[in-house]
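Structural overview for review
The primary structure of each chain is shown beneath.
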There are 2 protein chains.
Amino acid sequence: MDKTFAVIMAGGVGARFWPASRAARPKQLLDLTGSGTTMIAATLARLAPEIPKERVLVVTGRATADAIRDALPSIPRENVLAEPVGRNTAPCIGWAALHARRRDPDAVLAVLPSDHLVRKPEGFHAALRKAVGAARRGALVTCGITPDRPETGFGYIELGEETADGVRRVARFVEKPDLDTAKGYVASGRFVWNSGMFFFSAARVLAEIARQMPELMRGLEAIDAGIGAGDERAVVDRVFPKLPAQSIDYGVMEGAAEISCVPVDFGWSDLGSWSAAHDLSPKDADGNAFGADVVAIDARGCLVRAPSDLLVALVGVEDLVVVDTGDCLLVCRKDRAQDVKPVLDILKERGRTDLL
Amino acid sequence: MDKTFAVIMAGGVGARFWPASRAARPKQLLDLTGSGTTMIAATLARLAPEIPKERVLVVTGRATADAIRDALPSIPRENVLAEPVGRNTAPCIGWAALHARRRDPDAVLAVLPSDHLVRKPEGFHAALRKAVGAARRGALVTCGITPDRPETGFGYIELGEETADGVRRVARFVEKPDLDTAKGYVASGRFVWNSGMFFFSAARVLAEIARQMPELMRGLEAIDAGIGAGDERAVVDRVFPKLPAQSIDYGVMEGAAEISCVPVDFGWSDLGSWSAAHDLSPKDADGNAFGADVVAIDARGCLVRAPSDLLVALVGVEDLVVVDTGDCLLVCRKDRAQDVKPVLDILKERGRTDLL
């Protein structure tokens, strides 16, 4: 796909995967499903048939940039953009768009999260080609995941008429619904999950930023001048902290005149918790996913992650998440996996920043 | 108590407290209830007001003898008798009796397990004085614990008439009963638990061994000659493995013409499992006993033991035993704590003797 640049957003901290995820080792640097590779390396591998490595840009935080470069040795080091401070996705994408536009004025961006799971890569490739095609024709495009359950943790997109093969107009974006509303959405067949994947030309998204987020655009113009002057890092350090912390969803997509959506079904998961990691990991006959040396006696439905030199014995337990990292041990009921974050709040209160 | 020798039996391996207990660090060397001291040191401390350290003998296995000596630095090193191989309690007590008799022909022995809990030491002291008094008058004496529940894991003693203040004749020993039988025993008020504490003069128990266990007596006579000849260790190494592996209960007490029993109620527990350790440890308002650095979110009824440099987070879990030793982690439902032993069997099968 000529002129197409991937922009992998790798700024997330993935607190829900504590203690495996840490400030310096966020979710995208973990192998959460026993695949043998990190999530971000899997994201890159998935792109390889469509987009060459030289046209993959990664945006991450400065604290994790080197770890990201190490995890993706085939990516040119300068393609990893390190934010001095996270300002949500609009500044992140705007910055990447500057780089893509400098390399090719007709650059089209495929903006992708670094820490999501795709179980059907061929479906992903087909969707990518459709979405990039629409973006090349000037559209602002999002991917919408065909829902398989009335999930209340995601925003939804209501689809309008088809504008091209496999491309629908977006009727509206809706916030995370309550369960009854979500059930109605799923039953209607007209709603898809907002996946956090976006496709547009660099020129178009920068034009939308200029129109809808002029303050951000002024900052981006300063950075672009810094790139031209060989002074990018200093300018980014000065400018980035003052940029508005806004998502591309709110800042650009929802205020645009028309948005396109490619509805997809390629075995997507945002892997939002240890419970999802258990769901999507290979399991034994008792429903256990053991990424560790385990002796199990009457254990069922458990996820275990531990260093190879720790022997884990489970006796008579069900539906537990057990994660040992040597310095921290989490034992959590699987259906309470969303409640790992409060542990981090307590550690902060106790001043245990070494464990965050 | 002149002429009274304590014999602390410290040969147990305490597999039910794996992974805290190991071959080289058995139960008696652990602090299982957060008391701040090992069980064997607590046993010794309990004796201190009644029996001087010089008259405390400890019998243990050779692999743990040095660790026992380190745990009891106030005991003369030669008072720790190291068996080359465990042969149950009759040979152990017989050997200790030889040493006591050599030091004092009128020696009276108070034979005590090293790994039981006594929560009312003053009650223990009163019982000790009564039992030693009866033993000094020539009786074979056991302590019987007044039951507070229809426990099916212990043998029971049926009590006969009183023969002295606080001393009853033993009507009979009975095996571990089923639950209905146990309920009947408790309701009758005539039954006590067999505690594994014994009191008799060295002369009397050796005479009983000579009468009832002549093969053991021949071995003990050889060892006694070895002691006299300054050649004890070599003789013990040769003789001990051939001694009959028999308990004092079966080998001596049950076959004796008359046994006395001092019924007691001094807050005794044999601490038979992690569940008992939880019962007997100090607990917070949620019923948790945390011997570790723990962050708990909706955790109830849990026992945690971990090294001080491991942060343990519990989320939404109830009635779990969580024990981390750095090389092993046990996560066990508390009411399945009896099933820790099969873990050891599996580790043996896997050749992981390093973890036993």
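Going by the structure above, here's the rest.
Residues numbered from 1 in each chain as written. Chains lettered and ligands numbered in written order. Predicted model: local features only at pLDDT ≥ 70, side-chain atom pairs only at ≥ 80, totals over all residues.

**Here's the deal with the overall build of chain A**
So the rule is basically this: Secondary structure follows DSSP: runs of H or I at least 4 residues long count as helices, runs of E at least 2 residues long count as strands, and numbering of each begins at the N terminus. Each radius of gyration is computed over the set of C-alpha atoms, and the globule rule expresses the reference value as 2.2 Å times the number of residues to the power 0.38. Three classes are used. A residue is buried when 20 or more other C-beta atoms lie within 10 Å of its own, exposed when 12 or fewer do, and partly exposed in between, with C-beta atoms placed from the backbone. It is the C-beta atoms, placed from the backbone, that decide contacts: two residues are in contact if theirs lie within 7 Å.
If you tally the helices and strands in chain A, you get 11 helices and 17 strands. Computed over the C-alpha atoms, the radius of gyration of chain A is 21 Å, within 12% of the 21 Å expected from 2.2 N^0.38 for a compact globule of 356 residues. If you line up chain A on its principal axes, its C-alpha atoms span 60 × 50 × 40 Å. Residue burial in chain A is summarised as follows: out of 356 residues, 47% are buried. Contacts in chain A between residues at least 24 apart in sequence constitute 63% of all its contacts with a sequence separation of at least 6.

**Section: the interface of chain B and chain A**
For clarity, the cut-off: Residue classes follow a fixed rule: Ala, Val, Leu, Ile, Met, Phe, Trp, Tyr, Cys and Pro count as nonpolar, while Asp, Glu, Lys and Arg count as charged, and any other residue, Gly among them, counts as polar. Two strands qualify as a pair provided that DSSP identifies no fewer than 2 bridges between them.
Between chain B and chain A, the contact holds 31 residues from the first and 31 residues from the second. Listing elements by their share of the side of chain B that touches chain A, those giving two or more residues are β13 (293-297), β15 (311-315), β16 (320-324), β17 (328-333) and α11 (341-349) of chain B. Residue composition of the side of chain B that touches chain A, by class: 23 nonpolar, one polar and seven charged. Alignment of strand β17 (residues 328-333) of chain A against β15(B), held across five bridges, turns out to be parallel. Bridged to A:Val331 within β15(B) is B:Leu314.

**Some remarks on the pairing of strand β4 (residues 108-113) of chain A**
Successive side chains on a regular strand alternate, one facing one side of the sheet and the next facing the other. All names here are of chain A. Across the six residues that make up β4, a large majority, six, are buried. With burial as the criterion, each face of β4 is covered, one bearing Val108, Ala110 and Leu112 and the other bearing Leu109, Val111 and Pro113. The pairing of strand β1 (residues 4-10) with β4 spans six bridges and is classified as parallel. Bridge pairing in β4 places Met9 opposite Pro113.

**Quick word on the relation of the copies chain B and chain A**
Rules: Here the copies are matched by least squares. The fit uses the C-alpha atoms of residues with pLDDT of at least 70 in both.
Rotating chain B by 180 degrees about the axis while translating it 0.0 Å along that axis superimposes it on chain A, leaving an RMSD of 0.1 Å. Put plainly, the chains are arranged around a two-fold axis. When C-alpha distances to the rotation axis are compared across chain B, the minimum falls at B:Gly326, with a value of 3.7 Å. Mapped onto chain A, 100% of the interface residues of chain B are again interface residues, and the two copies thus contact each other with one and the same surface.

Remember that the coordinates give geometry; whether it matters functionally is a separate question.
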